Amino acid sequence: MVVSSAPGKVYLFGEHAVVYGEPAVPCAIERRARVTVEERDDDALRVQATDLSLDGFTVEYSGESSDRPDIDVPESLVDAAIGYVDAAAAQARDAADRPDAGFDITIESEIPLGAGLGSSAAVVVAGIDAGTRELGVELSAREIAERAYRVEHDVQDGQASRADTFCSAVGGAVRIEGDDCHAIRDVPNLPFVIGYDGGAGDTGELVAGVRALKDEYDFAADTVSAIGDVVRQGERALQAGDLEELGQLMDFNHGLLEALGVSSRSLDEMVWAARESDALGAKLTGAGGGGCIVALDESEEARTALSYTPGCEETFRAELDTDGVRVEEGA
Ligand code: MEV
């Protein structure tokens, strides 16, 4: 039996635009998904998931047939969750050249599902690491990132960047531009505050919506390029440790995402609550549609303001996690 864990993330800048080759800067946070994998003596896959912001579900299946867990979340999210685990198991079998290996998989996650904190990437990254190690193969963080990217790419119908999976595999703050992925060194302390509306967005649908807008209107395509400009300016502010400018650029980035139609009333309300308190800036994080915002605030003001904001279900501070995927037990 092997237990591996991998972190979730927030986007300091650049979600959506990164799908079209613009740069993005996601940062790993100290909220993790833990995946336990034990090889079975048949070729079946048994998945047990607790605390995915779902009520906990168990699915047992082999090959193509699968039962759907009986839980109260959109079916597309459950299908996606199962699709991710299934594809992660396939990657582990492929890496170990053991096409018939079966697994008992248990997932525990502190990262809400579909909320913009990279839950699926963390589960896939930790799952591939635990699965391959259980079969006696050790992959580097970069190899795991590459295989996890292939999973997200397939499950999201070809509409995924390398940002979530690379960030979860290597940890810390990273820069993604197309295939070029690397860690950003000497990042200043970033006082992240998260607001969570308890909801979720459908990444595939939201990405497809932006693509359609961009294909129809030149000004939407210009908005995507403008996000790229914000990211490049944001990288300079990050290197200079200028938190004031970072906050201002986060506000700008949120405005552009809103223009692309991926924000929501509750995300906007949380962004405004954070801005009207002492936060240096605030934006949605991830695909949008619902889920989380990230604000930059050294004081407790933004958290207090968010805790009184109707529509904000939970607020917490998130520390940058410099560890990527790691083994917790076994191997
Ligand atoms: C989703 O967490 C981030 C998006 O940019 C999609 C992707 O990069 O794959 C919306």
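Residues numbered from 1 in each chain as written. Predicted model: local features only at pLDDT ≥ 70, side-chain atom pairs only at ≥ 80, totals over all residues. Heavy atoms only, no water.

### A closer look at helix H8 (residues 265–276)
With twelve residues, H8 should cover 16 Å at 1.5 Å per step; its first-to-last C-alpha distance of 16 Å lies within 8% of that length. Within the sequence span of H8, burial applies to Leu 267, Asp 268, Met 270, Val 271, Ala 273 and Ala 274. (Helix = DSSP H or I, 4+ residues; strand = E, 2+ residues; numbered from the N terminus. Expected span 1.5 Å × (residues − 1). Buried < 20%, exposed > 50% of the residue type's maximum accessible area, 1.4 Å probe, protein only.)

### Quick notes on the environment of Ala 287
Position of Ala 287 among the secondary structure elements: in the loop between strand E9 (281–284) and strand E10 (292–296). On the accessibility criterion, Ala 287 (15% relative accessible area) is buried. Between the C-alpha atoms of Ala 287 and Asp 321, which are 34 residues apart in sequence, the distance is 21 Å. In this structure, Ala 287 is in contact with His 16, Thr 203, Leu 206 and Val 262, ignoring residues within four places of it in sequence. (Contact = heavy atoms within 4.5 Å.)

### Quick word on the pattern of salt bridges
Under the defined criterion, the tally for this structure stands at 25 salt bridges. The salt bridge involving Arg 265 is made with Glu 269; its shortest N-O contact spans 4.0 Å. Here Arg 265 pairs with Glu 269, and both are found in helix H8, just four residues apart, close to one helical turn. Look at Arg 265 and you get exposed, because its relative accessible area is 67%. Relative accessible area serves as the criterion here: at 34%, Glu 269 is assigned to the partly exposed category. Bridged by salt links that share partners, the residues Glu 146, Arg 150, Arg 162 and Asp 179 form one connected network. (Salt bridge = Lys/Arg side-chain N within 4 Å of Asp/Glu carboxyl O.)

### Topic: the packing of helix H2 (residues 119–134) against helix H3 (residues 141–155)
Where H2 meets H3, the axes come as close as 9 Å, and the angle between the chain directions of the two elements is 125 degrees. Considering the angle they form, H2 stands oblique to H3. The way H2 lies across H3 gives a crossing that is right-handed. Along its contact with H2, which presents Ser 120, Ala 121, Val 124, Val 125, Ile 128 and Asp 129, the element H3 presents Ile 144, Arg 147, Ala 148, Val 151 and Glu 152. Grouping the constituent residues of the contact of H2 with H3 by class yields seven nonpolar, one polar and three charged. (Axes fitted to C-alpha atoms, helices over the stretch in contact; angles between N-to-C directions. Parallel < 35°, antiparallel > 145°, perpendicular 65-115°, else oblique. Left-handed = near helix turned anticlockwise from the far one by under 90°. Nonpolar A, V, L, I, M, F, W, Y, C, P; charged D, E, K, R; others polar.)

### Considerations on the packing of aromatic side chains
The description of an aromatic ring pair rests on the distance of the ring centres and on the angle between the ring planes. Enumeration according to the criterion identifies one aromatic pair in this entry. Ring centres of Tyr 217 and Phe 219 lie 4.8 Å apart, and the angle between their planes is 15 degrees; on these two criteria the pair is classed as stacked. We note Arg 31 situated over the ring of Phe 316; from NZ or CZ to the ring centre the distance is 3.9 Å. The aromatic ring of Tyr 20 is capped on one face by Lys 214, whose charged end is 4.7 Å from the ring centroid. (Phe/Tyr/Trp six-rings, centres within 6.5 Å; stacked < 30°, edge-to-face > 60°. Lys NZ or Arg CZ within 6 Å of the ring centre and 35° of its normal.)

### A closer look at H3
With 15 residues, H3 should cover 21 Å at 1.5 Å per step; its first-to-last C-alpha distance of 21 Å lies within 8% of that length. Ile 144, Ala 145, Arg 147, Ala 148, Tyr 149, Val 151 and Glu 152 are the residues of H3 that are buried. A positive backbone phi angle near 50 degrees is found at Asp 157, which sits one or two residues after H3.

### Some details on the site of the ligand
Close to the ligand lie 13 residues; Tyr 11, His 16, Ala 160, Ser 161 and Asp 164 are nearest. The separation between an oxygen atom of the ligand and a polar main-chain atom of His 16 is 2.9 Å. Residue Ser 161 places a side-chain N or O atom 2.5 Å away from an oxygen atom belonging to the ligand. Relative to its unbound accessible surface of 300 Å², the ligand loses 96% to contact with the protein. Broken down by class, the residue content of the shell around the ligand amounts to six nonpolar, four polar and three charged. Residue-level mapping places the shell around the ligand at the junction of two domains, with at least three residues from each of domain 1 (2–185) and domain 2 (192–318). (Near = heavy atom within 4 Å. Polar contact = N/O pair within 3.5 Å; in protein donor to acceptor, adjacent residues only side chain to side chain. Areas by Shrake-Rupley, 256 points an atom, 1.4 Å probe, with all protein chains shown as cover. Domains from an automatic or database assignment.)

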